[in-house]
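# Examining the three-dimensional arrangement
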Amino acid sequence: MNWDDTTGTPAAERLVGASADREDQAVEAALRPKDLDEFIGQEKVREQLDLVLRAARARGATADHVLLSGAPGLGKTTLSMIIAAEMGAPIRITSGPAIQHAGDLAAILSSLQEGEVLFLDEIHRMSRPAEEMLYMAMEDFRVDVIVGKGPGATAIPLELPPFTLVGATTRAGLLPPPLRDRFGFTAHMEFYEPRELERVIHRSAGLLDVEIEADGAAEIAGRSRGTPRIANRLLRRVRDYAQVKADGIITRDIAAAALAVYEVDARGLDRLDRAVLEALLKLFGGGPVGLSTLAVAVGEERETVEEVAEPFLVREGLLARTPRGRVGTPAAWAHLGLTPPRSQAAGNGQQDLFGA
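Presented here is an overview of the structure given in this document. Positions within a chain are numbered from 1, following the residues in the order the chain's sequence is written. Side-chain atom pairs in this predicted model are given and counted only at pLDDT of 80 or more, local residue features only at pLDDT of at least 70, and totals for whole chains, interfaces and linings cover all residues. Hydrogens and water molecules were not included; the side-chain quantities draw on all heavy atoms of the structure.

Before going further, it helps to spend a moment on the overall build of the protein chain. Check the secondary structure of the protein chain and you find 16 helices and nine strands. Throughout, exposure labels follow a simple rule: accessible area from a 1.4 Å probe, protein chains only, divided by the maximum for the residue type, with under 20% read as buried, over 50% as exposed, and the rest as partly exposed. Scored against the burial criterion, the 356 residues of the protein chain give a buried share of 48%. Whether two residues are in contact is decided by their heavy atoms: any pair within 4.5 Å suffices. A fraction of 68% describes how many contacts in the protein chain between residues 6 or more apart in sequence connect residues 24 or more apart. For the protein chain, the accessible surface area stands at approximately 16800 Å², while carbon and sulfur atoms represent 51% of it. For the purposes of this entry, the term helix denotes a DSSP run of H or I that reaches at least four residues, the term strand denotes a run of E that reaches at least two, and both are numbered from the N terminus. Shrake-Rupley sampling with a 1.4 Å probe provides the accessible areas, and residues are treated as covered by the protein chains on show and by no other component.

Structure representation (structure tokens):
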């Protein structure tokens, strides 16, 4: 199971989880930018996508199929809606897990209008028969509907109006090459820099009618893991704290105090992240230690540690995956204010077999 993609899982319940729960979805609908000029960050992707859409409009044609890849919460769904808005077309939204049979996809495709944008989230989780039908639909705007069974089955070709498919995936490597090659434009969404997140937070605060100072926005941005969705979620929790405990204005001190209540530290680590690091450093001397042993030590499932906690810890340079197991880095010791063992400090990263 992909713990970071499914609502109702530990990843979705975390304040710093990148998955969207129902509250996030409702708020994001109100905060979502309506065009490329409003969209903050992803400068290269915006520039390239703007050229693709302008050229399509100039030709009076539908835009090329677009594949957006990247971690959850970076704006793939928002960009799909912007593509539809820029092209002046309606948008149909569905997801890979919802399309388990070729017939499901055929029903969607056959009801599309000319120029319509079909947004297919988590496209890598679509069933193989549906994938194979999508190849022909994307390339020839045609699908073959099978009527009957066995030797008497007949394929009836069904012509489709030109449409634009926007696929989104958190795992581009799982897409089969024939599907990936049919996208005319492919973009990878990068994590945001703190300065970009500050702009996102200021914009969201204005839409939410929240007064926030520059240092308060900087404090929230620094703990948002480079993800706008997390930044907006933290902003809402800090807003609540400021309204109850202060005068409603978000300053650096108020933001820091609020996020301390929610156990999100200065680098964006939460309780689970720190539990993994503390077990690795305090119980096992910095490693190497096996994943299963580490999971037992923190009282979590192996999948939760591997797929929910580890990706961010590795990206932050606090934990390393090695053939022998998980190892804490010097940055992890420094972050927790601990002194590494002599062997760790010397940089060999492993205990001497004879204790020397």
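Let us now look at the pattern of salt bridges. Any Lys or Arg side-chain nitrogen located within 4 Å of an Asp or Glu carboxyl oxygen qualifies as a salt bridge. Across all of its chains, the model carries 19 salt bridges by this definition. Across the salt bridge formed by Glu 43 and Arg 46, the nearest N and O atoms sit 2.6 Å from each other. Taken together, the positions of Glu 43 and Arg 46, both in helix H3 (residues 43–59) and three residues apart, correspond to about one turn of that helix. Arg 274 is the salt-bridge partner of Asp 265, the closest N and O atoms lying 3.6 Å from each other. Overall, the relative accessible area of 18% leaves Arg 274 in the buried class. Several salt bridges share partner residues, and in doing so they unite Glu 219, Arg 223 and Arg 252 into one network.

One broad rule of soluble globular proteins: the nonpolar side chains tend to lie buried together. Put simply, a nonpolar core is a bunch of buried Ala, Val, Leu, Ile, Met, Phe, Trp, Tyr and Cys residues held in one set by side-chain atoms that sit within 4.5 Å of each other. Membership of the largest hydrophobic core comes to 49 residues, with the highest contact counts inside it found for Leu 49, Leu 79, Ile 201, Ile 212, Ile 220 and Ile 250. With seven residues, the top contributor of residues to this core is helix H10 (residues 228–245). One finds Leu 67, Leu 120, Met 138 and Leu 175 within the second-largest nonpolar core, a separate group that totals 24 residues.

Only residues above 30% relative accessible area that lack a salt bridge enter a patch, with like-charged residues linked at up to 9 Å and the nonpolar side chains Val, Leu, Ile, Met, Phe, Trp and Tyr linked at up to 5 Å. A surface patch of nonpolar side chains, amounting to about 210 Å² of accessible area, comprises Val 145, Ile 156 and Leu 158. Topologically, Val 145 is positioned in strand S4 (residues 142–147).

The topology assignment puts Arg 225 in the loop between helix H9 (214–222) and H10. Within polar-contact distance, the side chain of Arg 225 engages the backbone oxygen of Gly 268 at 3.0 Å. In this structure Arg 225 touches Arg 14, Val 16, Phe 191, Ile 230, Gly 268, Leu 269, Asp 270, Asp 273, Phe 312 and Arg 315, once residues within four positions along its chain are discounted. Between N or O atoms, a polar contact is any pair within 3.5 Å; within protein, one atom must be a potential hydrogen donor and the other a potential acceptor, and residues adjacent in sequence are included only when both atoms are from side chains.

Another point: the environment of Gly 325. The topology assignment puts Gly 325 in strand S9 (residues 325–328). The spacing of Gly 325 and Val 289 is 36 residues in sequence and 4.7 Å in space, taken between C-alpha atoms. Every residue in contact with Gly 325, bar those within four places of it in the chain, is listed here: Pro 288, Val 289 and Ala 320.

Two strands pair under a simple rule: DSSP has to find at least two bridges between them. Across the sheet, five strands lie side by side as S2-S3-S6-S1-S7; this open sheet has parallel pairing. Only two strands of the sheet have a single partner each, and these edge strands are strand S2 (91–95) and strand S7 (185–188). With strand direction ignored, the average angle separating the axes of adjacent strands in the sheet is 15°. Bridge count between strand S1 (residues 66–69) and strand S6 (residues 164–169): four bridges; the pairing is parallel. Its bridge partner lying in S6, Leu 67 is registered against Gly 167. All axes are obtained by fitting lines to C-alpha atoms, using only the stretch in contact for helices, and the reported angles, taken between N-to-C directions, cover 0 to 180 degrees.

A separate point is helix H6 (residues 128–140). Here the expected length of a helix is defined as 1.5 Å per residue gap, with one fewer gap than residues. In this model, H6 (13 residues) spans 19 Å end to end at C-alpha, consistent with the 18 Å of a helix rising 1.5 Å per residue. Buried within H6 we find Ala 130, Glu 131, Met 133, Leu 134, Tyr 135, Ala 137 and Met 138. Count one or two residues on from H6 and you reach Phe 141, which has phi positive near 50°.

Geometry of aromatic contacts follows a simple scheme: Phe, Tyr and Trp rings, the Trp one being its six-membered ring, pair when their centres are within 6.5 Å, and the pair is stacked under 30 degrees between planes, edge-to-face over 60, tilted otherwise. If you walk through the whole model with that rule in mind, you get one aromatic pair. With a centroid separation of 5.5 Å and 80° between ring planes, the pair formed by Phe 141 and Phe 163 is classed as edge-to-face. Placement of the pair is Phe 141 in the loop between H6 and S4 and Phe 163 in the loop between strand S5 (154–159) and S6, with a sequence separation of 22 residues. On the basis of relative accessible area, Phe 163 is assigned to the buried category, the value being 1%. Each ring is checked for a lysine NZ or an arginine CZ that lies within 6 Å of its centre and within 35 degrees of its normal; such an atom marks a charge sitting over the ring. Here the basic side chain of Arg 315 rests over the ring of Phe 191, its NZ or CZ set 3.6 Å away from the ring centre.

By themselves, these observations are geometric and do not establish any function.
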